[in-house]
Amino acid sequence: MNPAMKAYFLRVSSLFTLLAILALPGLAQRPDIEIERNLRRIDVPFEYANGFLVVNVTFNDAFPLRFIFDTGAEHTILSKREITDLLNIDYQRRFPILGADLSTELYAYLAQGISLQVGGVKALNRSILVLEDDYFHFEEYTGVNVQGILGSDFFRRFIVKVDYRRNIISLYDPQYFSPPGRGYYTLPIEINRNKPYVNASINLQPDSIIKVRLLLDTGAGLALLLHTDTHPGLKMPERVIPSNLGAGLGGFLLGYMGRVRKLEFEPFVFREVTSQFQNIPEGVDSSFISQRNGIIGNEILRRFTIVIDYLREKAYLEPNRYYKDEFIHDRSGLNLAAGGLNLNEFIVYGLIPGSPAARAGVIRGDRILSINGIPSAFLDLEGANRRFLKQPGKKVCLKIQRGNSKFRVSFHLRDLI
């Protein structure tokens, strides 16, 4: 999947009541949390894989798994039901949940008595959601091997620091935390259903400023997503392309890709931001998305070291070396899915009409055997997509298999938005 079109997980609405946070006790003393050696800070390494923060999780003291660390998810979700089946977990309830199109009904189970260990933190006797089927097919569309989502029900009691430069998530005991000092800027946020929201402004037209409410979402491998029907001024820019925005629960997120002239949450300003635009289907209650206008994802968040204080509703941001990076979108028109044992067999699952790849004769279902002479066996999906982010005019040569035939095509990259 092209980096600017990476999948994001659809957030599941509140399905069961969470415990209220009433005070700021020392976490080491909570009966459902064990912290290694009663440390005041736990550092958890993560892999930044294709725009996602992937952490190692030990599930029920038995299975080493990989989960997405997701501030945009209220609950922890296991996408591989065969794991809890193997452990003979007793499912308490079966829930309907909405699919990626916000209208298709899918199902998940409530599993109780689960233990999850992430680094030096172990959560005991937890309730999680287990998808009835693997609706995400996450490996195929992102090339990242994961088995679920680590939601805010796990880490909301901590102060959460994400250092994208060092690939470290730090979890602080709130009782001993002091706000960071020099170099950090304080940003007021709102916590709703244990998810952080920030007020921002955007310019879609030169003379218009629109105030928006955006979710800070480490589970979104994109820069910006806007729900165009949540504000009368949120109109798509003139230059957009139809797009699969990504893969979510049970299907693709359909919409458009374009650019926002300016995104600002003081004192930070970003220009020509790649943005995805999606309509909420008619009849869907907008309270499902907590009255937000969109999402800020990792393509923006990775430009900071970010600290989220859930209890005091503050965020602290320090720009890092990625802050001034250009927002680049795919210049080929290809959407690839990964398959095979090592996720290095690439199939064209989507194609932008009129794009360089489409004009060269590539069609949906083609298998990419090599890119500029590099066999797919030596690439992962992220590495393959990087070849399509080169400068406009760069020539790309593909070896393709279509049925029993093998042939080569070539095209030159160009800006699509």
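Residues numbered from 1 in each chain as written. Predicted model: local features only at pLDDT ≥ 70, side-chain atom pairs only at ≥ 80, totals over all residues. Heavy atoms only, no water.

Novice: Mind showing me how you'd approach the pattern of salt bridges here?
Specialist: Side-chain pairing between opposite charges can occur once the charged atoms of the two side chains come close. Scanning all chains against the criterion turns up 16 salt bridges. Note that Asp325 is salt-bridged to Arg302, the shortest N-O span being 3.2 Å. One end of the pair, Asp325, is in the loop between strand S23 (314-319) and strand S24 (334-339); the other, Arg302, is in the loop between helix H4 (298-301) and strand S22 (304-309), with 23 residues separating them in the sequence. When its relative accessible area of 29% is taken as the criterion, Asp325 is described as partly exposed. Overlapping salt bridges bring together Lys80, Asp134 and Glu139 as one network. (Salt bridge = Lys/Arg side-chain N within 4 Å of Asp/Glu carboxyl O. Helix = DSSP H or I, 4+ residues; strand = E, 2+ residues; numbered from the N terminus. Buried < 20%, exposed > 50% of the residue type's maximum accessible area, 1.4 Å probe, protein only.)

Novice: Help me understand the sheet that holds S22, please; the structure alone is not making it clear to me.
Specialist: Sheet strands associate in pairs through backbone hydrogen bonding, adopting either a parallel or an antiparallel arrangement. Read across the sheet, 6 strands follow the order S2-S12-S11-S22-S23-S13 without closing on themselves; strand pairing throughout is antiparallel. Strands at the two margins of the open sheet, each flanked by one partner only, are strand S2 (41-45) and strand S13 (185-188). Across the sheet, the mean angle separating the axes of adjacent strands is 20 degrees when strand polarity is ignored. Bridge count for strand S11 (residues 159-163) against strand S12 (residues 168-172) is 5 bridges, and the pairing is antiparallel. When the bridges of S12 are listed, Asp163 appears paired with Ile168. (Pairing = 2+ DSSP bridges. Axes fitted to C-alpha atoms, helices over the stretch in contact; angles between N-to-C directions.)

Novice: Would you mind showing me how to read the packing of aromatic side chains here?
Specialist: Each aromatic ring pair is specified by the distance between its two centres and by the angle formed by the two planes. Overall, the coordinates contain 17 aromatic pairs when judged by the stated rule. Considering the side-chain rings of Phe69 and Phe155, the 4.3 Å spacing of their centres and the 25 degrees angle between planes classify their relative orientation as stacked. With a gap of 86 residues between them, Phe69 in strand S5 (residues 63-69) and Phe155 in helix H3 (residues 152-155) connect regions that are remote in the sequence. Given a relative accessible area of 3%, Phe69 falls into the buried group. A network of ring pairs unites the aromatic residues Tyr185, Phe265, Phe268, Phe270, Phe304, Tyr323 and Phe327 as a single cluster. In this arrangement the basic side chain of Arg94 is found over the ring face of Tyr107, its NZ or CZ atom lying 3.6 Å from the centre. Over the ring of Tyr197 we find Arg213; its NZ or CZ atom is 4.1 Å from the centre of that ring. (Phe/Tyr/Trp six-rings, centres within 6.5 Å; stacked < 30°, edge-to-face > 60°. Lys NZ or Arg CZ within 6 Å of the ring centre and 35° of its normal.)

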